[in-house]
Amino acid sequence: MKVALIGVGQAGGKVTERLARFDAEMGFGAVQGALAVNSAEPDLRSLEYVDTQLIGADRVNGHGVGGDNELGTEIMQADIQQVMNALDGRVTSKAEGIFVVAGLGGGTGSGGAPVVVHHLQQIYDIPVYALGVLPGRNEGALYQANAGRSLKTIVREADATLLVDNDAWHEQGESVEGAFETINERIAKRVGLLFASGEAVEGVGESVVDSSEVINTLRAGGIAALGYATEAASEDSAENVNTAMSVSRQALLTGTSLPDATTADSALLVIAGEPDRIPRKGVERARRWLEDETGSMQVRGGDFPLESDRLGALVLLGGAERSDRIQEFMERAREAEKAQEREEEQTDPAEQFADDRLEDLF
Ligand code: GDP
(Lines give C-alpha, C1' and ligand atoms only; values in the text may rest on other atoms or scores of the structure.)
Protein backbone atom coordinates (compact mmCIF):
# COMPACT_ATOMS: atom_id res chain seq x y z
CA MET A 1 0.00 0.00 0.00
CA LYS A 2 1.60 3.24 -1.10
CA VAL A 3 1.19 5.96 1.50
CA ALA A 4 2.08 9.53 2.33
CA LEU A 5 2.85 10.29 5.98
CA ILE A 6 2.40 13.49 7.95
CA GLY A 7 3.71 13.50 11.51
CA VAL A 8 2.41 16.26 13.80
CA GLY A 9 4.17 17.18 17.07
CA GLN A 10 7.11 15.48 18.73
CA ALA A 11 5.87 11.89 18.87
CA GLY A 12 4.26 12.28 15.43
CA GLY A 13 7.55 13.43 13.91
CA LYS A 14 9.64 10.73 15.57
CA VAL A 15 7.30 7.90 14.62
CA THR A 16 7.02 9.19 11.04
CA GLU A 17 10.81 9.35 10.80
CA ARG A 18 11.08 5.76 12.03
CA LEU A 19 8.47 4.58 9.54
CA ALA A 20 10.19 6.34 6.63
CA ARG A 21 13.56 4.93 7.69
CA PHE A 22 12.30 1.35 8.09
CA ASP A 23 10.63 1.48 4.66
CA ALA A 24 13.81 2.86 3.04
CA GLU A 25 16.13 0.37 4.76
CA MET A 26 13.92 -2.59 3.82
CA GLY A 27 13.61 -1.25 0.27
CA PHE A 28 9.81 -1.65 0.29
CA GLY A 29 9.02 1.66 -1.39
CA ALA A 30 5.62 1.91 0.29
CA VAL A 31 6.27 5.32 1.85
CA GLN A 32 5.98 7.79 -1.00
CA GLY A 33 6.59 10.95 0.95
CA ALA A 34 6.90 12.01 4.58
CA LEU A 35 6.51 15.39 6.26
CA ALA A 36 6.88 16.36 9.92
CA VAL A 37 5.05 19.43 11.21
CA ASN A 38 5.71 21.01 14.59
CA SER A 39 5.55 24.27 16.53
CA ALA A 40 8.75 23.33 18.39
CA GLU A 41 11.81 23.93 16.24
CA PRO A 42 14.34 21.74 18.16
CA ASP A 43 12.09 18.68 17.69
CA LEU A 44 12.22 19.17 13.91
CA ARG A 45 15.97 19.62 13.76
CA SER A 46 16.71 16.05 14.87
CA LEU A 47 14.80 14.48 11.94
CA GLU A 48 16.68 13.17 8.88
CA TYR A 49 14.37 11.00 6.81
CA VAL A 50 11.46 13.41 6.51
CA ASP A 51 10.84 16.93 5.28
CA THR A 52 9.88 19.43 7.94
CA GLN A 53 7.53 22.36 8.34
CA LEU A 54 7.51 24.75 11.32
CA ILE A 55 4.14 26.27 12.24
CA GLY A 56 2.99 28.96 14.66
CA ALA A 57 6.30 30.87 14.66
CA ASP A 58 4.41 34.17 15.00
CA ARG A 59 2.62 32.89 18.12
CA VAL A 60 5.15 30.71 19.95
CA ASN A 61 8.42 31.53 18.22
CA GLY A 62 9.49 27.94 17.66
CA HIS A 63 9.11 27.00 21.34
CA GLY A 64 6.09 24.68 21.07
CA VAL A 65 2.72 24.94 22.81
CA GLY A 66 3.52 23.02 26.03
CA GLY A 67 0.57 20.78 26.74
CA ASP A 68 -2.00 23.26 25.43
CA ASN A 69 -3.83 21.35 22.72
CA GLU A 70 -6.36 24.13 22.13
CA LEU A 71 -3.43 26.35 21.16
CA GLY A 72 -2.19 23.45 19.00
CA THR A 73 -5.52 23.49 17.15
CA GLU A 74 -5.46 27.29 16.70
CA ILE A 75 -1.93 27.36 15.37
CA MET A 76 -2.64 24.56 12.92
CA GLN A 77 -5.80 26.27 11.69
CA ALA A 78 -3.91 29.53 11.16
CA ASP A 79 -1.05 27.88 9.22
CA ILE A 80 -2.93 25.07 7.47
CA GLN A 81 -2.27 26.53 4.02
CA GLN A 82 1.48 26.38 4.59
CA VAL A 83 1.18 22.75 5.65
CA MET A 84 -0.92 21.83 2.62
CA ASN A 85 1.62 23.60 0.36
CA ALA A 86 4.51 21.75 2.00
CA LEU A 87 2.71 18.53 1.20
CA ASP A 88 2.27 19.33 -2.46
CA GLY A 89 4.03 16.72 -4.59
CA ARG A 90 4.50 14.34 -1.64
CA VAL A 91 1.05 12.85 -2.05
CA THR A 92 1.91 11.31 -5.43
CA SER A 93 -0.63 9.97 -7.91
CA LYS A 94 0.40 6.47 -6.78
CA ALA A 95 -0.49 7.08 -3.12
CA GLU A 96 -3.43 4.96 -1.95
CA GLY A 97 -3.81 6.47 1.50
CA ILE A 98 -2.55 9.24 3.77
CA PHE A 99 -1.63 8.63 7.43
CA VAL A 100 -1.55 11.53 9.89
CA VAL A 101 0.63 10.46 12.83
CA ALA A 102 0.52 12.03 16.32
CA GLY A 103 0.80 11.47 20.05
CA LEU A 104 -2.75 12.32 21.17
CA GLY A 105 -1.81 13.36 24.72
CA GLY A 106 0.45 16.36 23.99
CA GLY A 107 -0.25 19.80 22.50
CA THR A 108 0.80 20.30 18.88
CA GLY A 109 -0.05 16.77 17.69
CA SER A 110 -3.11 16.39 19.89
CA GLY A 111 -4.64 19.68 18.78
CA GLY A 112 -3.17 19.89 15.28
CA ALA A 113 -3.59 16.38 13.85
CA PRO A 114 -7.43 16.48 13.71
CA VAL A 115 -7.21 19.80 11.81
CA VAL A 116 -4.78 18.30 9.28
CA VAL A 117 -7.04 15.27 8.74
CA HIS A 118 -10.04 17.56 8.22
CA HIS A 119 -8.28 19.61 5.53
CA LEU A 120 -6.77 16.60 3.76
CA GLN A 121 -10.27 15.15 3.47
CA GLN A 122 -11.37 18.27 1.55
CA ILE A 123 -8.47 18.05 -0.91
CA TYR A 124 -7.69 14.37 -1.60
CA ASP A 125 -9.91 11.54 -2.84
CA ILE A 126 -7.86 8.77 -1.23
CA PRO A 127 -8.64 7.69 2.37
CA VAL A 128 -7.15 9.78 5.16
CA TYR A 129 -6.25 7.75 8.26
CA ALA A 130 -4.87 8.69 11.64
CA LEU A 131 -2.14 6.79 13.48
CA GLY A 132 -2.54 7.92 17.08
CA VAL A 133 -0.48 7.16 20.19
CA LEU A 134 -2.54 6.93 23.38
CA PRO A 135 -0.88 7.94 26.67
CA GLY A 136 -0.10 5.07 29.02
CA ARG A 137 -2.07 4.66 32.26
CA ASN A 138 0.61 6.31 34.38
CA GLU A 139 1.00 9.43 32.27
CA GLY A 140 -0.51 12.53 33.93
CA ALA A 141 -4.08 13.79 33.92
CA LEU A 142 -3.35 16.50 31.32
CA TYR A 143 -2.22 13.83 28.82
CA GLN A 144 -5.34 11.76 29.44
CA ALA A 145 -7.70 14.71 29.10
CA ASN A 146 -5.93 15.98 25.96
CA ALA A 147 -6.00 12.55 24.38
CA GLY A 148 -9.70 12.11 25.11
CA ARG A 149 -10.67 15.28 23.26
CA SER A 150 -8.21 14.67 20.45
CA LEU A 151 -9.35 11.07 19.94
CA LYS A 152 -13.02 12.08 19.86
CA THR A 153 -12.31 14.69 17.17
CA ILE A 154 -9.89 12.67 15.06
CA VAL A 155 -12.21 9.64 14.95
CA ARG A 156 -14.92 11.96 13.62
CA GLU A 157 -12.63 13.31 10.87
CA ALA A 158 -10.53 10.32 9.78
CA ASP A 159 -11.61 7.35 7.66
CA ALA A 160 -10.17 5.19 10.44
CA THR A 161 -7.88 5.76 13.43
CA LEU A 162 -5.20 3.16 14.14
CA LEU A 163 -4.33 3.35 17.83
CA VAL A 164 -1.18 2.35 19.65
CA ASP A 165 -1.47 2.39 23.44
CA ASN A 166 1.84 3.49 24.98
CA ASP A 167 1.39 0.68 27.53
CA ALA A 168 1.19 -2.00 24.84
CA TRP A 169 4.45 -2.39 22.99
CA HIS A 170 7.20 -2.23 25.59
CA GLU A 171 8.53 -4.50 28.29
CA GLN A 172 6.96 -4.53 31.75
CA GLY A 173 8.80 -2.42 34.28
CA GLU A 174 10.32 -0.09 31.69
CA SER A 175 9.24 3.54 32.23
CA VAL A 176 7.17 4.96 29.37
CA GLU A 177 9.81 7.59 28.56
CA GLY A 178 12.57 4.98 28.56
CA ALA A 179 10.43 2.80 26.37
CA PHE A 180 9.76 5.39 23.62
CA GLU A 181 12.62 4.07 21.52
CA THR A 182 11.34 0.49 21.78
CA ILE A 183 7.76 1.52 21.08
CA ASN A 184 8.69 3.67 18.09
CA GLU A 185 10.79 0.90 16.62
CA ARG A 186 7.94 -1.57 17.00
CA ILE A 187 5.43 0.82 15.46
CA ALA A 188 7.80 1.34 12.52
CA LYS A 189 8.28 -2.37 11.96
CA ARG A 190 4.68 -3.46 12.39
CA VAL A 191 2.92 -0.59 10.62
CA GLY A 192 5.75 -0.62 8.06
CA LEU A 193 5.06 -4.31 7.34
CA LEU A 194 1.35 -3.58 7.03
CA PHE A 195 2.06 -0.92 4.37
CA ALA A 196 4.52 -3.22 2.60
CA SER A 197 2.22 -6.27 2.76
CA GLY A 198 -0.12 -4.55 0.34
CA GLU A 199 2.65 -4.09 -2.22
CA ALA A 200 2.82 -6.32 -5.27
CA VAL A 201 5.56 -8.92 -4.85
CA GLU A 202 7.18 -10.13 -8.04
CA GLY A 203 7.22 -13.80 -8.83
CA VAL A 204 4.70 -14.86 -6.19
CA GLY A 205 1.28 -16.06 -7.24
CA GLU A 206 -1.53 -16.69 -4.87
CA SER A 207 -2.80 -15.17 -1.66
CA VAL A 208 -0.62 -12.11 -1.73
CA VAL A 209 -2.33 -9.30 0.11
CA ASP A 210 -3.55 -6.44 -2.01
CA SER A 211 -3.74 -2.82 -0.84
CA SER A 212 -7.49 -2.91 -1.32
CA GLU A 213 -7.72 -5.52 1.45
CA VAL A 214 -6.07 -3.19 3.93
CA ILE A 215 -8.36 -0.38 2.76
CA ASN A 216 -11.47 -2.58 2.93
CA THR A 217 -10.60 -3.75 6.43
CA LEU A 218 -10.24 -0.12 7.54
CA ARG A 219 -13.51 0.78 5.78
CA ALA A 220 -15.30 -0.19 9.01
CA GLY A 221 -14.13 3.24 10.21
CA GLY A 222 -13.85 4.14 13.89
CA ILE A 223 -10.88 2.67 15.70
CA ALA A 224 -8.41 0.15 14.29
CA ALA A 225 -5.76 -1.92 16.09
CA LEU A 226 -2.77 -3.90 14.89
CA GLY A 227 -1.32 -7.09 16.36
CA TYR A 228 1.95 -8.86 15.59
CA ALA A 229 3.84 -11.98 16.64
CA THR A 230 6.49 -14.28 15.20
CA GLU A 231 7.84 -17.77 15.92
CA ALA A 232 10.61 -19.97 14.54
CA ALA A 233 9.29 -22.12 11.70
CA SER A 234 10.24 -25.44 10.15
CA GLU A 235 11.38 -25.61 6.51
CA ASP A 236 8.52 -28.01 5.88
CA SER A 237 5.20 -26.17 5.71
CA ALA A 238 3.27 -29.26 6.87
CA GLU A 239 5.02 -28.96 10.23
CA ASN A 240 3.97 -25.33 10.62
CA VAL A 241 0.18 -25.78 10.88
CA ASN A 242 0.20 -25.25 14.65
CA THR A 243 2.75 -22.44 14.37
CA ALA A 244 0.43 -20.47 12.06
CA MET A 245 -2.35 -20.87 14.62
CA SER A 246 -0.19 -19.92 17.58
CA VAL A 247 1.36 -16.80 16.00
CA SER A 248 -2.12 -15.63 15.00
CA ARG A 249 -3.42 -16.15 18.55
CA GLN A 250 -0.46 -14.29 20.03
CA ALA A 251 -0.81 -11.43 17.54
CA LEU A 252 -4.41 -10.83 18.55
CA LEU A 253 -4.31 -11.69 22.25
CA THR A 254 -0.92 -10.49 23.49
CA GLY A 255 0.81 -8.68 20.64
CA THR A 256 -1.80 -6.05 19.91
CA SER A 257 -1.40 -2.27 19.86
CA LEU A 258 -4.63 -1.95 21.86
CA PRO A 259 -4.72 -4.59 24.56
CA ASP A 260 -8.06 -6.35 25.05
CA ALA A 261 -9.40 -5.17 21.71
CA THR A 262 -10.76 -8.38 20.23
CA THR A 263 -14.26 -7.44 19.11
CA ALA A 264 -14.17 -5.97 15.63
CA ASP A 265 -16.28 -5.34 12.53
CA SER A 266 -13.58 -6.59 10.19
CA ALA A 267 -10.12 -8.10 10.28
CA LEU A 268 -7.17 -8.91 8.07
CA LEU A 269 -4.74 -11.73 8.80
CA VAL A 270 -1.41 -11.53 7.02
CA ILE A 271 0.96 -14.47 7.40
CA ALA A 272 4.53 -13.45 6.63
CA GLY A 273 7.36 -15.83 5.83
CA GLU A 274 9.03 -17.84 3.12
CA PRO A 275 6.36 -19.18 0.76
CA ASP A 276 7.58 -22.78 1.26
CA ARG A 277 7.12 -22.53 5.01
CA ILE A 278 3.57 -21.11 4.95
CA PRO A 279 1.03 -23.88 5.65
CA ARG A 280 -2.21 -23.38 3.68
CA LYS A 281 -4.22 -25.47 6.12
CA GLY A 282 -2.86 -23.62 9.15
CA VAL A 283 -3.55 -20.22 7.61
CA GLU A 284 -7.15 -21.16 6.82
CA ARG A 285 -7.65 -22.54 10.33
CA ALA A 286 -6.22 -19.35 11.87
CA ARG A 287 -8.49 -17.22 9.69
CA ARG A 288 -11.55 -19.11 10.89
CA TRP A 289 -10.39 -18.84 14.50
CA LEU A 290 -10.07 -15.07 14.00
CA GLU A 291 -13.66 -14.93 12.73
CA ASP A 292 -14.89 -16.62 15.92
CA GLU A 293 -12.72 -14.56 18.21
CA THR A 294 -13.56 -11.13 16.72
CA GLY A 295 -17.20 -11.93 15.98
CA SER A 296 -16.64 -10.60 12.46
CA MET A 297 -17.79 -12.29 9.29
CA GLN A 298 -15.38 -10.14 7.31
CA VAL A 299 -11.98 -11.65 7.96
CA ARG A 300 -9.66 -11.30 5.00
CA GLY A 301 -6.41 -13.17 4.65
CA GLY A 302 -3.23 -13.33 2.62
CA ASP A 303 0.47 -14.12 2.57
CA PHE A 304 3.41 -11.77 2.66
CA PRO A 305 6.47 -13.50 1.17
CA LEU A 306 9.57 -12.55 3.14
CA GLU A 307 12.99 -14.10 3.51
CA SER A 308 13.03 -15.39 7.07
CA ASP A 309 13.33 -18.58 9.08
CA ARG A 310 10.37 -17.40 11.14
CA LEU A 311 6.64 -17.23 10.56
CA GLY A 312 4.92 -13.97 11.47
CA ALA A 313 1.28 -12.97 11.85
CA LEU A 314 0.00 -9.45 11.41
CA VAL A 315 -3.62 -8.92 12.48
CA LEU A 316 -5.39 -5.69 11.54
CA LEU A 317 -8.75 -5.04 13.22
CA GLY A 318 -11.25 -2.51 11.87
CA GLY A 319 -14.17 -1.09 13.87
CA ALA A 320 -12.69 -2.05 17.26
CA GLU A 321 -14.13 0.84 19.29
CA ARG A 322 -16.41 -1.40 21.34
CA SER A 323 -13.37 -2.82 23.16
CA ASP A 324 -13.10 -2.55 26.93
CA ARG A 325 -9.79 -0.74 26.61
CA ILE A 326 -11.37 2.16 24.72
CA GLN A 327 -14.26 2.43 27.21
CA GLU A 328 -11.74 2.41 30.05
CA PHE A 329 -9.57 5.04 28.37
CA MET A 330 -12.48 7.39 27.64
CA GLU A 331 -13.59 7.09 31.27
CA ARG A 332 -10.02 7.98 32.38
CA ALA A 333 -9.99 10.98 30.04
CA ARG A 334 -13.37 12.26 31.29
CA GLU A 335 -12.26 11.90 34.92
CA ALA A 336 -9.03 13.76 34.14
CA GLU A 337 -10.93 16.58 32.48
CA LYS A 338 -13.29 16.90 35.46
CA ALA A 339 -10.35 16.92 37.89
CA GLN A 340 -8.67 19.64 35.82
CA GLU A 341 -11.81 21.78 35.90
CA ARG A 342 -12.03 21.38 39.67
CA GLU A 343 -8.37 22.37 40.00
CA GLU A 344 -8.90 25.47 37.87
CA GLU A 345 -11.84 26.52 40.02
CA GLN A 346 -9.77 26.14 43.17
CA THR A 347 -6.71 27.94 41.92
CA ASP A 348 -8.56 31.12 40.97
CA PRO A 349 -8.94 32.98 44.31
CA ALA A 350 -11.62 35.30 42.97
CA GLU A 351 -13.68 32.33 41.78
CA GLN A 352 -13.27 30.56 45.13
CA PHE A 353 -15.07 33.33 46.96
CA ALA A 354 -17.76 33.61 44.33
CA ASP A 355 -18.50 29.89 44.74
CA ASP A 356 -22.19 29.76 45.66
CA ARG A 357 -21.98 26.17 46.90
CA LEU A 358 -20.83 27.74 50.21
CA GLU A 359 -23.33 29.91 52.01
CA ASP A 360 -22.30 33.29 53.41
CA LEU A 361 -22.53 33.62 57.18
CA PHE A 362 -24.63 36.78 57.03
P1 GDP B 1 3.49 17.56 21.05
O2 GDP B 1 4.87 17.70 20.50
O3 GDP B 1 3.00 18.80 21.72
O4 GDP B 1 2.51 17.06 20.05
O5 GDP B 1 3.54 16.46 22.21
P6 GDP B 1 4.14 14.99 22.19
O7 GDP B 1 4.24 14.48 20.81
O8 GDP B 1 5.35 14.95 23.05
O9 GDP B 1 2.93 14.21 22.86
C10 GDP B 1 2.92 13.78 24.16
C11 GDP B 1 2.33 12.39 24.18
O12 GDP B 1 3.02 11.57 23.26
C13 GDP B 1 2.48 11.73 25.52
O14 GDP B 1 1.42 10.82 25.73
C15 GDP B 1 3.82 11.01 25.40
O16 GDP B 1 3.89 9.91 26.23
C17 GDP B 1 3.78 10.59 23.94
N18 GDP B 1 5.12 10.57 23.33
C19 GDP B 1 6.03 11.58 23.24
N20 GDP B 1 7.10 11.19 22.54
C21 GDP B 1 6.89 9.90 22.18
C22 GDP B 1 7.61 8.95 21.43
O23 GDP B 1 8.72 9.18 20.92
N24 GDP B 1 7.03 7.73 21.26
C25 GDP B 1 5.82 7.40 21.78
N26 GDP B 1 5.34 6.18 21.57
N27 GDP B 1 5.10 8.27 22.48
C28 GDP B 1 5.62 9.50 22.68
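Residues numbered from 1 in each chain as written. Predicted model: local features only at pLDDT ≥ 70, side-chain atom pairs only at ≥ 80, totals over all residues. Heavy atoms only, no water.

Going by what an unreviewed UniProt entry lists, the protein chain is known as Tubulin-like protein CetZ and is assigned to Haloterrigena gelatinilytica. The record held by UniProt for the protein chain lists under Sequence similarities (unreviewed entry) the comment "Belongs to the CetZ family." Quoted verbatim from the Subcellular location (unreviewed entry) field of UniProt, the annotation for the protein chain is "Cytoplasm". (UniProt positions renumbered as here; feature names shortened; annotations may be inferred.)

### Remarks on the overall build of the protein chain
Of regular secondary structure, the protein chain possesses 13 helices and 10 strands. A compact globule built from 362 residues would reach a C-alpha radius of gyration of about 21 Å, and the protein chain, at 22 Å, matches this within 12%. For the protein chain, the spread of C-alpha atoms along the three principal axes comes to 85 × 45 × 35 Å. Out of the 362 residues in the protein chain, the part that is buried amounts to 54%. Within the structure as shown, the protein chain displays about 16600 Å² of accessible surface, and the carbon and sulfur contribution to it stands at 44%. Where the 32 positive side-chain charges of the protein chain centre and where its 61 negative ones centre are 5 Å apart. (Helix = DSSP H or I, 4+ residues; strand = E, 2+ residues; numbered from the N terminus. Rg over C-alpha atoms; globule rule 2.2 N^0.38 Å. Buried < 20%, exposed > 50% of the residue type's maximum accessible area, 1.4 Å probe, protein only. Areas by Shrake-Rupley, 256 points an atom, 1.4 Å probe, with all protein chains shown as cover. Lys, Arg positive; Asp, Glu negative; His and termini not counted. Charge placed at Lys NZ, Arg CZ, Asp CG, Glu CD.)

### A word on the packing of aromatic side chains
Taken as a whole and assessed by the stated rule, the structure comprises 4 aromatic pairs. With a centroid separation of 6.1 Å and 50° between ring planes, the pair formed by Phe28 and Phe304 is classed as tilted. Here Phe28, found in the loop between helix H1 (9–26) and strand E2 (31–38), pairs with Phe304, found in strand E9 (residues 298–305); they are 276 residues apart in sequence, far enough to count as distant. Across the pair, Phe304 and Phe28 agree in class, each one buried. Ring centres of Phe99 and Tyr129 lie 5.0 Å apart, and the angle between their planes is 40°; on these two criteria the pair is classed as tilted. (Phe/Tyr/Trp six-rings, centres within 6.5 Å; stacked < 30°, edge-to-face > 60°.)

### Side note on the domain arrangement of the protein chain
Reports often express the size of an interface as the amount of accessible area lost when the parts come together. For the protein chain, the domain assignment lists domain 1 (3–197) and domain 2 (226–318). A separation of 28 Å is found between the C-alpha centroids of domain 1 and domain 2. In total, domain 1 and domain 2 occlude about 1200 Å² of area from one another, counting both sides; carbon and sulfur atoms represent 78% of this. For the pair domain 1 and domain 2, the number of links is 0 salt bridges. Counting only elements with at least two residues in the side of domain 1 that touches domain 2, the list comes to strand E6 (160–165) and helix H8 (176–197). With 7 residues, H8 is the single largest residue contributor to the side of domain 1 that touches domain 2. In the side of domain 1 that touches domain 2, the residues fall into 11 nonpolar, 1 polar and 3 charged. (Domains from an automatic or database assignment. Buried area = accessible area lost by both parts, 1.4 Å probe. Salt bridge = Lys/Arg side-chain N within 4 Å of Asp/Glu carboxyl O. Nonpolar A, V, L, I, M, F, W, Y, C, P; charged D, E, K, R; others polar.)

### Brief notes about the pairing of strand E4 (residues 97–103)
The element E4 is largely enclosed, with a buried count of 7 among its 7 residues. Judged from the 6 bridges that link them, strand E1 (residues 3–8) and E4 form a sheet pairing that is parallel. Within E4, the residue paired with Val8 across the bridge is Ala102. Bridge count for E4 against strand E5 (residues 128–134) is 6 bridges, and the pairing is parallel. Opposite Val101, over in E5, you have Leu131 as the bridge partner. This β-α-β element, E4 to helix H6 (residues 108–123) to E5, shows right-handed connectivity. (Pairing = 2+ DSSP bridges. Right-handed = clockwise from strand over helix to strand, strands pointing away.)

### Here we look at the UniProt feature "binding site: GTP" (unreviewed entry) in the protein chain
Under the local residue numbering, the UniProt record ascribes the feature "binding site: GTP" (unreviewed entry) to Gln10, Ala11, Gly12, Gly13, Lys14, Gly107, Thr108, Gly109, Glu139, Asn166 and Asn184. With respect to the helices and strands, Gln10 occurs in helix H1. Setting aside anything within four residues of it in sequence, one finds Gln10 in contact with Asn38 and Asp43. Among the structural elements, Thr108 can be located in helix H6. Residue contacts for Thr108: discarding those within four places in its chain leaves Val8, Gly9, Asn38, Ser39, Ile55, Val65, Gly72 and Ala113. A distance of 2.8 Å separates polar atoms of two side chains, one belonging to Thr108 and the other to Ser39. (Contact = heavy atoms within 4.5 Å. Polar contact = N/O pair within 3.5 Å; in protein donor to acceptor, adjacent residues only side chain to side chain.)

### Describing the pattern of salt bridges
A full pass over the atoms with the stated rule returns 18 salt bridges. Between Arg21 and Glu25 there is a salt bridge, and its shortest N-O distance comes to 3.6 Å. Placement of both Arg21 and Glu25 in helix H1 is noted, with a separation of 4 residues, approximately one turn of the helix. Note on Glu25: relative accessible area 56%, which makes it exposed. For Asp167, the salt bridge identified is with Arg137, shortest N-O distance 3.9 Å. Taken as a pair, Asp167 in the loop between E6 and H8 and Arg137 in the loop between E5 and helix H7 (141–157) lie far apart in primary sequence, 30 residues in all. According to the relative accessible area criterion, Asp167 is partly exposed, its value standing at 24%. The exposure class assigned to Arg137 is partly exposed, which follows from its relative accessible area of 40%. One network of salt bridges, in which partners are shared, links Glu284, Arg287, Arg288 and Glu291.

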